[in-house]
Amino acid sequence: MTRYTLHGMWPSGPTYKVGLMLRLTSTPHDYEHVDLRSGAHKADAFLAKNRYGQVPVLEDHEQDICLSQSSVILDYLADETGRFGGKDRADGLRAREWQFWGAGPLATGIYRTRAVRLGFFKFPPDVEAANLQSALGALKELDGLMAGRSWLVGSGATIADIDIYGIVSYAGQAQIDLQAFGNVRKWMARVEDLSGFKGPQDCLPQASVKAA
Ligand SMILES: N[C@@H](CCC(=O)N[C@@H](CS)C(=O)NCC(=O)O)C(=O)O
């Protein structure tokens, strides 16, 4: 049996983060498509895996553990694969700082603006404007903090980069122009150069797939 199963849905940004981590670490896994449209994520069988009724979920059959929350899953996979966890505990904690930061206005702003543009959600116009402002404010902050740096933490890619990339990479679908954020664009190109990289459109299958 394949050790891991990723439960997710292909348009989901948080699922993409985990799919990207699995690809960058060449970790074999089964992929289970969860049909959010039919409410599969609120059925008892799925709630037994994730009390919050959300994707992604990573199931580790060897350790008999089911994890939710994309940032926690990345942290777990960094430990299990020995990749992208940073060189020491301080790096690991810095990476976690970035992950918590990313879950704030950056994720809210970009994911929600994207969801509106793609017709998944509707918000009142003032809420839409506030979401966009959140995204732009966080991108500006990220751009400033990336000045003179190649990676978010230390001198190599970590789960912080994978996590934050898994949010910023949806800016295009959110119709947010990254032109003004040159440091962010250069950093994104570095992530895209990592061996095994796949973009959001190519990373996740549209149906369940067993590991090769
Ligand atoms: N903080 C969670 C967010 C997960 C999330 O929002 N998942 C969405 C799909 S992108 C979902 O399952 N939505 C269905 C629902 O909340 O009912 C993570 O990072 O994993």
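**Considering the overall build of the protein**
Here is step 1 of the chain: Scanning the protein from N- to C-terminus turns up eight helices and four strands.
Here is step 2 of the chain: Taken from the N to the C terminus, the helices and strands of the protein come in the order β-α-β-α-β-β-α-α-α-α-α-α.
Here is step 3 of the chain: Relative to the 2.2 N^0.38 estimate, which gives 17 Å for 212 residues, the radius of gyration of the protein is 17 Å and therefore close to what a compact globule would have.
Here is step 4 of the chain: Counting only C-alpha atoms, the protein reaches 45 × 45 × 25 Å along its principal axes.
Here is step 5 of the chain: Taken across its 212 residues, the protein has 46% of its residues classed as buried.
Here is step 6 of the chain: Taking as baseline every contact in the protein between residues at least 6 positions apart, the subset at least 24 positions apart corresponds to 72%.

**Things to note about the layout of surface pockets**
Here is step 1 of the chain: Its boundaries defined by the atoms lining it, the largest pocket holds a volume of some 1,000 Å³.
Here is step 2 of the chain: Around the largest pocket, the lining is made up of 32 residues, and of these Ser12, Pro14, Gln54, Val55 and Tyr111 lie nearest the centre.
Here is step 3 of the chain: Of all the secondary-structure elements, those providing two or more residues to the lining of the largest pocket are helix H1 (13-24), helix H3 (70-81) and helix H4 (89-117).
Here is step 4 of the chain: A total of 10 residues in the lining of the largest pocket trace back to one element, the largest contributor, which is H4.
Here is step 5 of the chain: Residues belonging to the lining of the largest pocket are distributed by class as follows: 15 nonpolar, 12 polar and five charged.

**Some words on the pattern of salt bridges**
Here is step 1 of the chain: With the rule as written, the count across this model stands at 10 salt bridges.
Here is step 2 of the chain: The closest approach of N and O atoms between arginine 96 and aspartate 75, which form a salt bridge, is 3.5 Å. Here the residue arginine 96 occupies a position in helix H4, and aspartate 75 occupies one in helix H3, the gap between them amounting to 21 residues.
Here is step 3 of the chain: By relative accessible area, which is 17% here, arginine 96 ends up buried.
Here is step 4 of the chain: By sharing partners, the salt bridges in this structure join Arg3, Asp60, Glu62 and Glu80 into a single network.

**With respect to a nonpolar patch on the surface**
Here is step 1 of the chain: Residues Leu118, Phe120 and Phe121 make up a contiguous nonpolar surface patch of about 280 Å² in total accessible area.
Here is step 2 of the chain: Along the polypeptide, phenylalanine 121 turns up in the loop between H4 and helix H5 (125-145).

**Digging into the domain arrangement of the protein**
Here is step 1 of the chain: Looking at the assigned domains, one finds that the protein contains domain 1 (4-83 + 197-203) and domain 2 (89-192).
Here is step 2 of the chain: For domain 1 and domain 2, the distance between their C-alpha centroids amounts to 20 Å.
Here is step 3 of the chain: Summing both partners gives a buried area of about 1,400 Å² for domain 1 against domain 2, and 64% of it is carried by carbon and sulfur.
Here is step 4 of the chain: Per-residue buried area on domain 1 facing domain 2 is highest for Pro11, Lys17 and Phe197; these three make up 32% of the total on that side.
Here is step 5 of the chain: At the surface where domain 1 touches domain 2, the tally comes to two salt bridges.
Here is step 6 of the chain: The tally of links between domain 1 and domain 2 comes to six residue pairs in polar contact (both at pLDDT 80 or more).
Here is step 7 of the chain: Taken together, the elements giving at least two residues each to the side of domain 1 that touches domain 2 come down to H1, H3 and helix H8 (200-203).
Here is step 8 of the chain: No other element matches H1, which puts seven residues into the side of domain 1 that touches domain 2.

**A look at the site of the ligand**
Here is step 1 of the chain: Contacts to the ligand come from Ser12, Pro14, Leu36, His41, Lys42, Gly53, Gln54, Val55, Pro56, Gln69 and Ser70.
Here is step 2 of the chain: Here an oxygen atom of the ligand and a side-chain polar atom of glutamine 54 are 2.9 Å apart.
Here is step 3 of the chain: Taking serine 70, its side chain carries an N or O atom lying 2.6 Å from an oxygen atom of the ligand.
Here is step 4 of the chain: Protein coverage of the free-state accessible area of the ligand, which is 510 Å², stands at 67%.
Here is step 5 of the chain: Under a 2 Å grid-point criterion requiring more than half of the atoms, the pocket assigned to the ligand is the largest pocket.

Cut-offs and rules
- Residues numbered from 1 in each chain as written.
- Predicted model: local features only at pLDDT ≥ 70, side-chain atom pairs only at ≥ 80, totals over all residues.
- Heavy atoms only, no water.
- Helix = DSSP H or I, 4+ residues; strand = E, 2+ residues; numbered from the N terminus.
- Rg over C-alpha atoms; globule rule 2.2 N^0.38 Å.
- Buried < 20%, exposed > 50% of the residue type's maximum accessible area, 1.4 Å probe, protein only.
- Contact = heavy atoms within 4.5 Å.
- 1 Å grid on protein atoms, 1.4 Å probe; cavity = no way out; pocket = protein on both sides within 12 Å on 5 of 7 lines; lining within 4 Å.
- Points joined across faces, edges and corners; volume = space filled by probe spheres on them.
- Nonpolar A, V, L, I, M, F, W, Y, C, P; charged D, E, K, R; others polar.
- Salt bridge = Lys/Arg side-chain N within 4 Å of Asp/Glu carboxyl O.
- Patch = residues over 30% accessible without salt bridge, like charges linked within 9 Å, V, L, I, M, F, W, Y side chains within 5 Å.
- Areas by Shrake-Rupley, 256 points an atom, 1.4 Å probe, with all protein chains shown as cover.
- Domains from an automatic or database assignment.
- Buried area = accessible area lost by both parts, 1.4 Å probe.
- Polar contact = N/O pair within 3.5 Å; in protein donor to acceptor, adjacent residues only side chain to side chain.
- Near = heavy atom within 4 Å.
- Sits in = over half its atoms within 2 Å of the grid points.

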